[in-house]
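Analysis of the macromolecular model
Here is what each chain is made of, one letter per residue.
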Amino acid sequence: MAAPISTRVLDWFRARLPIDALSEFARHKQVPRYRGSIWYYFGGVSLFLFIIQVITGILLVMYYQPGVQTGYESVRFIVVHVKFGWLVRSIHTWSANLMIGSVFIHMFSVYFTKAFRSPRELTWLTGFALLALCMGFGFSGYLLPWNTLAFFATKVGTAIVATTPMVGRGLMEILRGGKDVGAETLTRFFGLHIAVMPAIFTIVLGAHLVLIQIQGMHEPHGWKDSPPEQRRYMPFFPNFVLRDLLLWLIVLNVLAILAVMFPWEVGLKADPNAAAPMGIKPEWYFLFMYQALKYFPGKILMLDGDAVGVLLFGVAGLLWVVVPFWDARLPEGSRNRILNWIGVLVLIGMIVLTGIGLS
Amino acid sequence: MSARTALPVALALAAALALDARLPAAEAPAGHPAAVDQCYSCHHDGGTPQAEAYAHDVHYQNGVTCADCHGGDPTLEDKDEGMSRARGYRGKIRSSDIPSICGRCHGPGNAEFKIRFHLSNVSDSLAAGVHGEALRNNDKGPQCVSCHGVHDIVRVDDPASPVSPRRVARTCAKCHGDAAYMREFNPRLPVDQYEKYLTSVHGKRNAAGDARPATCVSCHSNHMVMRVKDPRSPVYATRVPETCATCHANAKYMAPYHIPTDQYAQYRRSRHGIALLEKSDLNAPACNSCHGNHGAAPPGAASVVAVCGNCHQANGELYMKSPHKDAFARLNLAGCVVCHGNHGVQEPTDALVSLQAGGPCAKCHKDDGSDRAAPAIRRMRALLDSLSLGQADADRTLRHAEQLGMDVADAKYDLKDVRQALVQSRVAIHSFKVADLADAVHPGIKVLASSRKSAAEAVHDFYFRRKGLVISTLIVTITAVLLWLKIREIERDQEAGRG
């Protein structure tokens with residue numbers, strides 16, 4: 001009697017791909033099970049939201065037409081006339097925000113659990129690159145509907161870049177494609193958003209995931225020294241994968257509720273000649289920087305206050321990225337304390353500044 | 001010879017005569033400065049017209065001598081000495097210098113003198129006005145003597161004065177009726193004001209000897225005459241009603257004419273008055289828009305439609321083709337005023353089209369079955385209501401959909417066409433023909449139907465989304481619960497296997 005079709009299909013693939021080896025790898029991969037295991041899932045949630053971004057983004061690009069005369073109109077067409085277009089756009093926007101939130105949580109959890117330490121420096125670096133790309137996605141995508149808020153927020157955002165010492169103005173003009181935000185800005189943001197950044201993101205994400213699989217899950221500090229009976233693990237497959245899937249379903253529900261109950265508005269079409277409306281501010285994930293820059297005086301020792309601010313943020317960001325390298329130089333005992341304090345201060349600072357900015 | 005050319009000639013003549021000195025003293029009353037005024041004595045005795053006239057001049061009567069204006073020393077019998085430059089003799093006075101010479105008494109200084117003779121600072125007023133500006137730009141421009149005369153100036157309330165109420169219009173017309181002269185100052189300014197004035201109620205009464213009706217200075221002011229487009233002018237668009245009301249709202253002043261004095265009070269509360277006075281809409285009509293300005297007169301029943309039709313052109317044209325035109329003419333009814341009123345005209349509403357007692361239609365039409373116009377009136381009202389009430393309903397539904405977070409911008413935009421149709425219908429009703437009104441209403445009704453449909457679809461879509469959310473959330477939740485149970489089962493099996 002011939003084997004069932006599913007077995008035959010599996011055999012066909014088995015003959016061509018190392019399915020058994022992968023299956024064996026997954027079956028033997030262990031995930032530590034402890035109080036902080038919940039933080040392992042945020043990488044997966046971010047990945048899930050990225051997949052949603054890709055799917056809804058592809059659907060949107062079927063109708064979206066970049067251009068000063070068409071951008072806003074095509075988004076309105078998607079929202080009003082395309083069947084479930086409103087839902088696709090709303091999910092795309094909400095999942096983008098949730099993804100950035102999830103990536104931030106993932107980054108801080110890695111930081112506080114010290115998962116960036118050797119040998120995972122590369123995973124940390126690729127992860128940070130992914131966060132930067134996510135924010136770049138947010139910044140470039142925000143302009144695409146070409147509405148008033150997006151237009152002026154982009155103007156403000158790109159103007160901040162111009163305060164970077166030496167290269168600021170040049171960078172701003174590269175970003176804008178000219179001296180001001182206009183048609184050139186829109187088309188290059190569109191190109192960045194749907195082609196350049198997805199390509200880079202996919203490569204970096206692939207590297208990030210491969211590194212995780214090669215290095216395995218990070219084990220908490222002192223885990224290896226604890227007695228074997230106190231060290232509990234769960235198999236990566238099926239246990240961890242199914243739990244990941246469960247969380248994805250919950251996130252999907254949250255996303256659906258947000259998208260339907262609070263659909264993202266299209267707003268009013270951008271008018272470059274109009275005065276900027278009151279209270280223009282960037283998206284919430286840039287607010288802590290935007291708000292902090294407001295506290296810098298106009299001049300600091302002959303230097304432009306904003307330029308000093310941008311420079312300080314650049315240095316702070318760089319120090320944050322290379323934390324695995326300077327952390328390794330700290331005395332062993334004080335490592336956790338100093339890092340925790342820095343992390344707590346950064347986190348509180350970001351939350352407070354974002355809160356002030358939102359209010 | 002016109003007043004403006006008469007002056008230099010008169011002054012030149014006076015100067016020439018003044019050269020003929022040592023004339024016997026005139027018969028000036030004792031104590032009068034002219035009693036020792038050699039200028040006056042010689043010119044008077046010589047019988048010069050200037051000196052003859054000056055004997056009746058208000059200035060002469062109040063002790064102003066020739067030398068006060070012309071300079072020189074009037075006490076000297078030697079005319080060469082008295083009329084020498086060394087004695088301050090200026091002879092013929094330049095036209096543009098006259099306001100400053102008159103201004104020595106009628107200007108800002110010499111307070112004591114002004115108090116004594118009750119004079120005001122009119123030379124500064126003249127300089128600030130359009131006449132002063134004309135004089136600065138052109139020596140032929142008007143100055144004091146252009147209106148008041150030269151050596152024969154009398155009080156304004158003296159009927160002989162060229163600026164007395166009965167003569168002032170003619171005096172103004174000397175320049176303002178002279179197209180060649182006016183071309184030098186403002187070629188675009190009409191020169192028919194005086195002719196029109198003579199046809200006005202004001203002008204006719206003035207000509208009949210009544211000094212009370214308005215003359216040029218009543219509205220334009222006298223010394224400080226401003227351009228009509230200057231907001232300081234009493235006849236600037238937004239100030240016209242108040243200027244007219246100075247007389248027309250004064251019951252005591254208007255008592256002899258037996259006409260109402262509540263026009264201004266009505267106008268201020270009217271649609272026109274609110275637009276002009278409160279919203280500063282200079283397109284809104286003031287008194288002169290309907291009554292005329294220089295030729296001001298009540299429009300009269302026959303011309304009301306033409307007057308209103310100046311602005312409400314389409315309404316006026318439709319009315320002229322309507323059955324009401326002849327009917328109203330037969331009854332001597334004043335067209336538009338019958339339904340809309342005049343000074344107190346309010347924003348018209350569809351309620352005007354009503355047979356109810358007190359409504360304008362009910363003034364002539366009966367709702368007792370005997371009047372064949374009654375069904376048409378009801379039908380026209382129904383057509384207007386279908387559009388206006390339908391628009392309000394669609395607006396409400398669209399707002400509701402919008403509050404639910406639905407995008408109905410396109411439908412809201414379409415609703416503009418309904419508003420347009422409503423405006424056109426409210427114009428079309430002035431033909432008083434059901435068919436014309438129906439033609440104007442129907443395009444709006446069609447848009448209304450599609451707007452309502454869009455609104456209903458948006459509301460339906462909203463609830464469809466909610467239902468979809470509930471169902472999908474339920475399915476995902478059930479899947480999550482089943483998954484959780486499966487995980488529990490797998491982990492139990494694993495625990496058991498390890499055990």
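Residues numbered from 1 in each chain as written. Chains lettered and ligands numbered in written order. Predicted model: local features only at pLDDT ≥ 70, side-chain atom pairs only at ≥ 80, totals over all residues. Heavy atoms only, no water.

A short note on the overall build of chain B
Within chain B, the secondary structure is distributed over 28 helices and 0 strands. Sequence-distant contacts, at least 24 apart, represent 55% of the contacts inside chain B between residues at least 6 apart. Taken as a whole, chain B presents about 28,200 Å² of accessible surface, with 57% of it coming from carbon and sulfur. (Helix = DSSP H or I, 4+ residues; strand = E, 2+ residues; numbered from the N terminus. Contact = heavy atoms within 4.5 Å. Areas by Shrake-Rupley, 256 points an atom, 1.4 Å probe, with all protein chains shown as cover.)

Some thoughts on the overall build of chain A
Within chain A one finds 14 helices and 4 strands. Here chain A holds 359 residues, and 43% of them are scored as buried. Considering only contacts in chain A between residues 6 or more positions apart, those separated by 24 or more positions represent 76%. (Buried < 20%, exposed > 50% of the residue type's maximum accessible area, 1.4 Å probe, protein only.)

Concerning the side chain of Lys114(A)
Residues and elements named next belong to chain A. Note that Lys-114 resides in the loop between α5 (85-112) and α6 (121-143). Buried and unpaired, Lys-114 has no salt bridge, with Asp-327 as the nearest side chain of opposite charge at 7.5 Å. A distance of 2.7 Å separates polar atoms of two side chains, one belonging to Lys-114 and the other to Asn-340. Each residue touching Lys-114, except ones within four places of it in the same chain, is listed here: His-218, Asn-336, Leu-339 and Asn-340. (Lys, Arg positive; Asp, Glu negative; His and termini not counted. Salt bridge = Lys/Arg side-chain N within 4 Å of Asp/Glu carboxyl O. Polar contact = N/O pair within 3.5 Å; in protein donor to acceptor, adjacent residues only side chain to side chain.)

Examining the pattern of salt bridges
Considering all chains together, one arrives at 30 salt bridges over all chains under this definition. Here Arg176(A) and Asp180(A) are joined by a salt bridge, their closest N and O atoms 3.9 Å apart. Residue Asp393(B) pairs with Arg396(B) through a salt bridge whose shortest N-O separation is 3.3 Å. Here Arg396(B) and Asp393(B) lie together in helix α26 (residues 374-403), a separation of 3 residues that amounts to about one turn. Residue classification places Asp393(B) among the partly exposed positions, given a relative accessible area of 27%. Residues participating in the shared-partner salt-bridge network are Asp11(A), Arg14(A) and Asp20(A).

What about the interface of chain B and chain A?
Taken residue by residue, the interface counts 20 residues in chain B and 23 residues in chain A. Summing the contributions of chain B and of chain A, the shared interface buries around 1,900 Å²; its carbon and sulfur component is 62%. The tally of links between chain B and chain A comes to 4 salt bridges. Across the chain B-chain A interface, the total number found is 10 residue pairs in polar contact (both at pLDDT 80 or more). Only α27 (409-428) and α28 (434-498) of chain B provide two or more residues apiece to the side of chain B that touches chain A. Ranked by the residues each element gives to the side of chain B that touches chain A, the list is headed by α28(B), at 16 residues. Its residues placed into classes, the side of chain B that touches chain A shows 9 nonpolar, 6 polar and 5 charged. (Buried area = accessible area lost by both parts, 1.4 Å probe. Nonpolar A, V, L, I, M, F, W, Y, C, P; charged D, E, K, R; others polar.)

Considerations on unusual backbone geometry
For the bond running from Ser118(A) to Pro119(A), omega is 10 degrees, close enough to zero to count as cis. Locating Pro119(A) in the fold gives a position in the loop between α5 and α6. Not every positive phi belongs to a glycine, and Leu301(A) is a case in point at roughly 50 degrees. For Leu301(A), the location among the structural elements is in the loop between β3 (299-300) and β4 (303-304). The phi dihedral of His258(B) falls on the positive side, at around 55 degrees, and the residue is not glycine. Relative to the helices and strands, His258(B) is located in the loop between α18 (251-254) and α19 (263-269).

Here we look at the environment of Ala292(A)
All names here are of chain A. Following the sequence through the fold, Ala-292 ends up in helix α11 (residues 284-294). Here Ala-292 falls in the buried class, since its relative accessible area comes to 10%. With 14 residues separating them along the chain, Ala-292 and Asp-306 place their C-alpha atoms 9.8 Å apart. Every residue in contact with Ala-292, bar those within four places of it in the chain, is listed here: Phe-313 and Leu-353.

Thoughts on a nonpolar patch on the surface
Residue and element names in this part refer to chain A. On the surface, a nonpolar cluster with roughly 870 Å² of combined accessible area is contributed by Ile-51, Val-54, Ile-55, Ile-58, Leu-59, Val-61, Met-62, Tyr-63, Phe-77 and Ile-194. Residue position: Phe-77 is located in helix α4 (residues 71-80). Residue classification places Phe-77 among the partly exposed positions, given a relative accessible area of 39%. (Patch = residues over 30% accessible without salt bridge, like charges linked within 9 Å, V, L, I, M, F, W, Y side chains within 5 Å.)

Some remarks on the nonpolar core
Phe104(A), Met107(A), Tyr111(A), Phe116(A), Trp124(A) and Phe201(A) are the most contacted members of the largest nonpolar core, which totals 42 residues. Examining the composition of this core, we find that 10 residues originate from one element, α5(A), more than from any other. Beyond its immediate sequence surroundings of up to four residues, Trp124(A) is in contact with Met107(A), Val110(A), Tyr111(A), Phe116(A), Trp320(A), Val321(A), Val323(A) and Pro324(A). By size, the runner-up hydrophobic cluster in this structure holds 31 residues, among which are Met380(B), Met406(B), Leu422(B) and Val459(B). (Core = buried A, V, L, I, M, F, W, Y, C linked by side-chain atoms within 4.5 Å.)

A look at the confidence of the model for chain B
Residues and elements named next belong to chain B. Overall, the prediction assigns chain B a mean pLDDT of 88, with 93% of residues at 70 or greater. Within the model, the stretch residues 1-26 combines pLDDT values under 50 with 61 contacts to residues more than four positions away or in other chains. On the interface metric, ipTM, the complex scores 0.87, and its pTM is 0.65. (pLDDT = per-residue confidence, 0-100.)

A word on the packing of helix α3 (residues 41-61) of chain A against helix α9 (residues 183-215) of chain A
All names here are of chain A. At a minimum axis separation of 12 Å, α3 and α9 run at an interaxial angle of 155 degrees. Compared by their axis directions, α3 and α9 come out roughly antiparallel. Every pair of crossing elements has a handedness; the one defined by α3 and α9 is left-handed. Of the residues in α9, those in contact with Leu-47, Phe-50 and Val-61 of α3 are Phe-190, Ile-194, Phe-201, Leu-205 and Leu-209. Across the contact of α3 with α9, the residue classes tally to 8 nonpolar, no polar and no charged. (Axes fitted to C-alpha atoms, helices over the stretch in contact; angles between N-to-C directions. Parallel < 35°, antiparallel > 145°, perpendicular 65-115°, else oblique. Left-handed = near helix turned anticlockwise from the far one by under 90°.)

Comments concerning the packing of aromatic side chains
Evaluation of the coordinates by the stated rule reveals 34 aromatic pairs over all chains. Taking 5.9 Å as the distance between ring centres and 35 degrees as the angle between the ring planes, the aromatic pair formed by Tyr111(A) and Phe116(A) counts as tilted. Since its relative accessible area comes to 0%, Phe116(A) is described here as buried. Aromatic side chains Phe137(A) and Phe201(A) sit 5.6 Å apart centroid to centroid with 65 degrees between the ring planes, which places their arrangement in the edge-to-face category. Of this pair, Phe137(A) sits in helix α6 while Phe201(A) sits in helix α9; the two residues are 64 residues apart in sequence, bridging distant segments of the chain. The exposure classification of Phe137(A) matches that of Phe201(A), with both residues buried. Members of the aromatic cluster, each reached through a chain of ring pairs, are Phe108(A), Tyr111(A), Phe112(A), Phe116(A), Trp124(A) and Trp320(A). A cation sits over an aromatic face here: Arg465(B) above Trp86(A), 3.5 Å from the ring centre. (Phe/Tyr/Trp six-rings, centres within 6.5 Å; stacked < 30°, edge-to-face > 60°. Lys NZ or Arg CZ within 6 Å of the ring centre and 35° of its normal.)

Some thoughts on α4(A)
Within α4(A), 7 of the 10 residues are buried, which leaves it mostly tucked inside the rest of the structure. Along α4(A), the positions that sit buried rather than exposed are Gly71(A), Tyr72(A), Ser74(A), Val75(A), Arg76(A), Ile78(A) and Val79(A). Those residues of α4(A) that are buried lie in contact with α3 and α5 of chain A together with α27 of chain B.

Considerations on the packing of helix α8 (residues 168-176) of chain A against α9(A)
Residue and element names in this part refer to chain A. In the contact formed by α8 and α9, the axes pass within 7 Å of each other and the chain directions differ by 80 degrees. It follows that α8 is roughly perpendicular to α9 by the angle criterion. In this structure, α8 uses Glu-173, Ile-174, Leu-175 and Arg-176 to contact α9, whose residues at the interface are Glu-184, Thr-185, Arg-188 and Phe-189. Of the residues that constitute the contact of α8 with α9, the class distribution is 3 nonpolar, 1 polar and 4 charged.

Focus: the environment of Glu457(B)
Relative to the helices and strands, Glu457(B) resides in helix α28. Here the alpha-carbon distance between Glu457(B) and Val408(B), two residues 49 residues apart in the chain, equals 9.7 Å.

Notes on helix α20 (residues 271-278) of chain B
Residue and element names in this part refer to chain B. When we look at burial in α20, the residues that qualify are Gly-273, Ala-275 and Leu-276. Buried residues along α20 cover an arc of 165 degrees about the axis, so they all sit on one side. Looking at the buried residues of α20, the elements they touch are α17 (240-248) and α19. Positive backbone phi, at 50 degrees, marks Ser-280, one or two positions downstream of α20. (Arc of directions from axis to C-beta.)

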